[in-house]
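Residue-level structure breakdown
One letter stands for each residue in the lines below.
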Amino acid sequence: MMKYALRRLAAAAMLLIIVIFVTFGLFMAVPADPARLSCGKYCDEEMKARIRHAMEIDIPLTDQYYRFMKGLVVDRTYRANTDAEVKCEAPCLGYSFRTDESVTEIIKRSAPVTFSIALGASLIWLTGGVLIGMLSALRKGTWIDKIVQSFALFGASLQIYLVGWVLLLFLVIKWDILKMPTYTSPFENPIEWMKGLALPWLTLAFLSMASYARLTRAGMIETLSEDYIRTARSNGLSKKRIQFKHTLRAAITPIITIFGLDLGGLLGGAVITESTFGLRGIGSTALESVRELDLPLIIGTVIFSAFFIIMANLIVDLLYAVLDPKVRIAS
Amino acid sequence: MSFLQVKDLSIKFPVEAGIVHAVNGVSFNLEEGKSLGIVGESGSGKSVTSLAIMGLLKDSSARVSGEIILDGDNLTAFSEEQMRQIRSTKLAMVFQDSLAALHPFFQIGKQIAEVYRYKTGCSKAVAKARAIEMLDLVGIPEPQKRFADYPHQFSGGMRQRAIIAMALVCNPKLLIADEPTTALDVTVQAQILELLQKVQKEFGTSIILITHDLGVVSEFVDDVLVMYAGRAVEIGSVKQVISTPQHPYTAGLLASIPDLNSDVANFTFIKGTPPNMLKLAQGCSFAPRCDYQSKVGAQCFDSLPELLQSENAQHVRCHLVQSGQKVSR
């Protein structure tokens, strides 16, 4: 097991290095000249050269990559627009000349927003989706099941920007039940944190819950027809025990896997949710960096997202070995 | 009164195309501590009969009629909840595909202990000790160590033993084994049958063994019931049925067991296929495949023969026998 975990960890690290390399290469392949972009209206060659030098893009690509990688582990210094030296602490993801800030600082500021949205929403949709799916599977064919199924289809076909705005219109503006989405640090004021994020949580959870309910329903129904469930019945175990212990245990395994991947993807930025509700998380930061061609920030956010997706994959793989005894032994 | 009495059991499954007549008026008795083999090909209704006895059809769309009386209780009148309470403690079942029949995510020992603990309300430690005792009883080596193994870590024979241990953990009086040896190789088959025999002797458990293999039955059970198209076609003591089969179908089944001592690689088989259970013919279901129907004539197709006692004490459902003729061997 240990060996398997280490092997997977090494593979994940390799993958991350490759992702950084490719992202870095793409950045350089972009036809836009970063120096020209941050130079302003009256710009001559000399100024551009100076900016290029400050951005450290006048040196060979391999050297830039080397410095960037080194910056991930040791502090490095940039000369900012003002020509003053700016220290960028490790892990340094580059320096945004647009906002005159280190990329790490920007990410540090927006990550808690994204994490808050992702954790709250995923918790709601996982518990809600699994419970609804179970109910639907155990009442298969009844009106409850039919409602759940239409809800699942409905939820799976809707989009955040529509549901979000509809909920915003009614829950916040018309009925005044929820607060306008804002972010307050949960360490400062947990109640405000929950109030401020309730709407994004509900919106995001509502849509994902639908597909989780469907997955759970399908998994439960499939498991209920397994031979080992018949064995449990023939052993005279109670219905509840069979449903909640024997059936759910088998049906939940693939759902946990998908949940891990979904959560990993979301931690790297909930682009649509954040921009719909005007929250400054990783997703909206990334979107903005693309709009403004803030190349160091694009690299930074892409790497940040990639990190979470790779980590989620790693954790899911390891978790699967824990959840499924067959994988555990084979590895 | 017999320990288990099945009277006129009929089981129908409504499907889109109509109604499948899986079992049609089957009756048999089983005495305490005795064993009965139910033999027939796929679709003859033998497995469904056992599911009906276990009450496992109660939550399904199946329509069960007739009476199943176990130890004085009429199980057909029992609710699912009442059935649940006597499962494991009064009657238990062993299923054929041992890998599918055990939960893949739980340790084998724990699965056995769970049943015991749930049924007796004992402590975890007692249940574990009981599970280890049962694993030992069915011949699992190092039961203490193997307790924590998962089903896929056991061989097929060991899994089947574990399933038998699980079925026996609460000392049921009736054990139904549905093709317990089908997926196993021949030497392991013999071991499992010996184990069942040992259980029958030591605990006085009544056993119903369901199989398509008359060879398995002949060495193991006291009585045998041969089923065809959801009906009992021949019932009697295993000795009589094997030595002097009266029904052409039983005779055909016995003749199709290959003779290992003969040099000629010549397989005998029953021609034709089993009937469509959606619409049963009014006559004998076996008539279209029967070698002897020409000796009897139209009667075979016109009327259903009754299950009557023949001269050899076994009961046979056949016009040929009832017209005083015999199958030739």
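Residues numbered from 1 in each chain as written. Chains lettered and ligands numbered in written order. Predicted model: local features only at pLDDT ≥ 70, side-chain atom pairs only at ≥ 80, totals over all residues.

**Details of the overall build of chain B**
We apply this condition: Going along the chain from the N terminus, every DSSP run of H or I of four or more residues is numbered as a helix, and every run of E of two or more is numbered as a strand. Throughout, the radius of gyration refers to the C-alpha atoms, and the reference size of a globule is 2.2 Å times the residue count to the power 0.38. Three exposure classes are used. Buried residues have 20 or more other C-beta atoms within 10 Å of their own C-beta, exposed residues have 12 or fewer, and partly exposed residues fall in between, all C-beta atoms being placed from the backbone. Two residues qualify as being in contact provided that their C-beta atoms, derived from the backbone, are within 7 Å of each other.
Along the backbone of chain B there are 14 helices and 12 strands. Scaling as 2.2 N^0.38, a compact globule of 329 residues should have a C-alpha radius of gyration of about 20 Å, and chain B matches this with 21 Å. Counting across all 329 residues of chain B, residues that qualify as buried make up 47%. Partitioning the intrachain contacts of chain B with sequence separation of at least 6 by distance along the chain shows that 64% fall at a separation of at least 24.

**Side note on the overall build of chain A**
Within chain A one finds 14 helices and 4 strands. Dimensions along the principal axes, computed over C-alpha positions, put chain A at roughly 85 × 55 × 35 Å. Each of the 331 residues in chain A was classed as buried or not, and the buried ones make up 36%. Contacts in chain A between residues far apart in sequence, at least 24 positions, make up 64% of those at least 6 positions apart.

**Looking at the interface of chain A and chain B**
What counts is decided by this rule: The classification used treats Ala, Val, Leu, Ile, Met, Phe, Trp, Tyr, Cys and Pro as nonpolar, Asp, Glu, Lys and Arg as charged, and all other residues, Gly among them, as polar.
The interface is formed by 17 residues belonging to chain A together with 23 residues belonging to chain B. Taken together, the elements giving at least two residues each to the side of chain A that touches chain B come down to helix 9 (227-234), helix 10 (239-267) and helix 14 (325-330) of chain A. Sort the elements by how many residues they give to the side of chain A that touches chain B and helix 9 of chain A lands first, with 6 residues. In terms of residue class, the side of chain A that touches chain B is built from 5 nonpolar, 6 polar and 6 charged.

**Topic: the pairing of strand 1 (residues 4-15) of chain B**
Residues and elements named next belong to chain B. The line we're drawing: Only strands that DSSP links by at least two bridges are regarded as paired with each other.
In terms of strand pairing, strand 1 meets strand 2 (residues 18-30) through 9 bridges, oriented antiparallel. Pairing of Ile 11 across the sheet is with Val 23, part of strand 2. The loop that links strand 1 with its antiparallel partner strand 2 comprises 2 residues. Here 7 bridges tie strand 1 to strand 4 (residues 63-70), and the two strands are oriented antiparallel to one another. Within strand 4, the position partnered with Ser 10 by the bridge is Ser 65.

**Describing the packing of helix 4 (residues 108-120) of chain B against helix 5 (residues 124-137) of chain B**
All names here are of chain B. Formally: Angles here are taken between N-to-C directions and fall from 0 to 180 degrees, while the axes themselves are lines fitted to C-alpha atoms, restricted in helices to the stretch in contact. Oblique is the label for any angle not covered by the other classes, which are roughly parallel (under 35 degrees), roughly antiparallel (over 145) and roughly perpendicular (65 to 115). In a left-handed crossing the near helix is turned counterclockwise from the far helix by less than a right angle, and in a right-handed crossing that turn is clockwise.
Interhelical geometry of helix 4 versus helix 5 gives an angle of 120 degrees and a closest axis separation of 8 Å. Between helix 4 and helix 5, the crossing angle belongs to the class labelled oblique. Crossing geometry of helix 4 relative to helix 5 is assigned as right-handed. Across the interface between the two elements, Gly 109, Ile 112, Ala 113, Tyr 116 and Arg 117 from helix 4 touch Lys 124, Ala 127, Lys 128, Arg 130, Ala 131, Ile 132, Met 134 and Leu 135 from helix 5. Per-class residue counts for the contact of helix 4 with helix 5 are 8 nonpolar, 1 polar and 4 charged.

**Side note on the nonpolar core**
Our working rule: What makes a nonpolar core is a set of buried Ala, Val, Leu, Ile, Met, Phe, Trp, Tyr and Cys residues, with links drawn between C-beta atoms within 7 Å.
Counting 101 residues, the largest nonpolar core has Ile 112 and Ala 165 of chain B as its most contacted members. In terms of residues, this core owes the most to one element, helix 7 (residues 156-168) of chain B, which gives 8 residues. Aside from chain neighbours lying at most four places away, what touches Ala 165 of chain B is Ile 112, Met 134, Leu 135, Leu 137 and Val 138 of chain B. In this structure, Ile 117, Ile 132, Leu 263 and Leu 266 of chain A belong to the second largest nonpolar core, which totals 63 residues.

**Points about the sheet that holds strand 1 of chain B**
Spatial strand order, 2-1-4-5 (chain B): 4 strands in an open sheet with antiparallel pairing. Of all strands in the sheet, those with a lone pairing partner are strand 2 and strand 5 (73-74) of chain B, marking the two edges.

**Some points on the sheet that holds strand 10 (residues 231-237) of chain B**
Residues and elements named next belong to chain B. Taken in spatial order, the 8 strands line up as 6-7-8-3-9-10-12-11 in an open sheet, and their pairing is mixed. Edge positions in the sheet fall to strand 6 (91-94) and strand 11 (307-309), since each of these pairs with one other strand and no more. Taking the axes of each pair of neighbouring strands and ignoring which way they run, one obtains an average angle of 20 degrees across the sheet. Here 5 bridges tie strand 7 (residues 174-178) to strand 8 (residues 206-211), and the two strands are oriented parallel to one another. Looking at strand 8, one finds that Ala 177 is bridged to Leu 209. Its contacts with the sheet put helix 1 (residues 46-54) on strand 3 (35-39), strand 6, strand 7, strand 8 and strand 9 (223-228), and the angle it makes with strand 7 is roughly 150 degrees.

**Remarks on helix 8 (residues 190-224) of chain A**
Convention followed: What a helix should span is 1.5 Å times the count of its residues minus one. We define the bend at any residue as the angle between the axes fitted to the seven residues before and including it, ending there, and the seven starting there.
Look at helix 8 of chain A: only 41 Å from first C-alpha to last across 35 residues, short of the 51 Å you get at 1.5 Å a residue. Along helix 8 of chain A, the sharpest kink reaches roughly 50 degrees, centred on Leu 197 of chain A and followed within four residues by the proline Pro 200 of chain A.

**With respect to unusual backbone geometry**
Residues and elements named next belong to chain B. Despite not being glycine, Glu 142 has its phi angle at roughly 50 degrees, a positive value. Within the secondary structure layout, Glu 142 lies in the loop between helix 5 and helix 6 (143-146). Despite not being glycine, Glu 179 shows a phi value in the positive range, around 45 degrees. On the secondary structure map, Glu 179 appears in the loop between strand 7 and helix 8 (186-203).

**So, helix 5 (residues 103-138) of chain A**
When the terminal C-alpha atoms of helix 5 of chain A are compared, their 50 Å separation across 36 residues agrees well with the 52 Å that a helix rising 1.5 Å per residue should span. Of all bends in helix 5 of chain A, the biggest is about 35 degrees, found at Ser 110 of chain A, and the proline Pro 112 of chain A comes one to four residues later.

**Remarks on the pairing of strand 8 of chain B**
Residue and element names in this part refer to chain B. Our working rule: Here, the term right-handed applies to a crossover whose path from the first strand over the helix to the second runs clockwise when the strands point away from the viewer.
Of all the 6 residues making up strand 8, 6 are buried; the element is thus mostly covered by neighbouring parts of the structure. Pairing geometry for strand 3 and strand 8, over 5 bridges, is parallel. Paired with Ile 38 across the two strands is Ile 210, which belongs to strand 8. Read as a crossover between parallel neighbours, the route from strand 7 over helix 8 to strand 8 is right-handed.

**Digging into the confidence of the model for chain B**
Residues and elements named next belong to chain B. The condition is simple: Per residue, pLDDT measures the predictor's confidence, with a range of 0 to 100.
Put simply, chain B has an average pLDDT of 88, and 98% of its residues get 70 or more. Mean pLDDT values over the elements of chain B span from 79, in helix 12 (residues 293-296), up to 94, in helix 4. Both scores are given for the predicted complex: the pTM is 0.82, the ipTM 0.87.

**Some details on the environment of Gly 215 of chain B**
The topology assignment puts Gly 215 of chain B in helix 9 (residues 214-218). Classification of Gly 215 of chain B as partly exposed rests on a count of 14 C-beta atoms within 10 Å.

**Overview of the confidence of the model for chain A**
Of all residues in chain A, 95% have pLDDT values of 70 or greater, and the mean over the chain is 84. The least confident element of chain A is helix 2 (residues 34-37) of chain A, whose mean pLDDT is 70; the most confident is helix 9 of chain A, at 92.

**Quick notes on the environment of Glu 192 of chain A**
All names here are of chain A. Mapped onto the fold, Glu 192 is located in helix 8. We classify Glu 192 as partly exposed; it has 15 C-beta atoms within 10 Å. Put simply, Glu 192 and Thr 182 are 10 residues apart on the chain and 8.8 Å apart in space, counted from C-alpha to C-alpha.

**Concerning the environment of Ala 232 of chain A**
All names here are of chain A. Locating Ala 232 in the fold gives a position in helix 9. For Ala 232 and Ile 242, which are 10 residues apart along the polypeptide, the C-alpha to C-alpha distance reads 6.7 Å. For Ala 232, the residues in contact, after removing those within four places along its chain, are Leu 237, Ile 242 and His 246.

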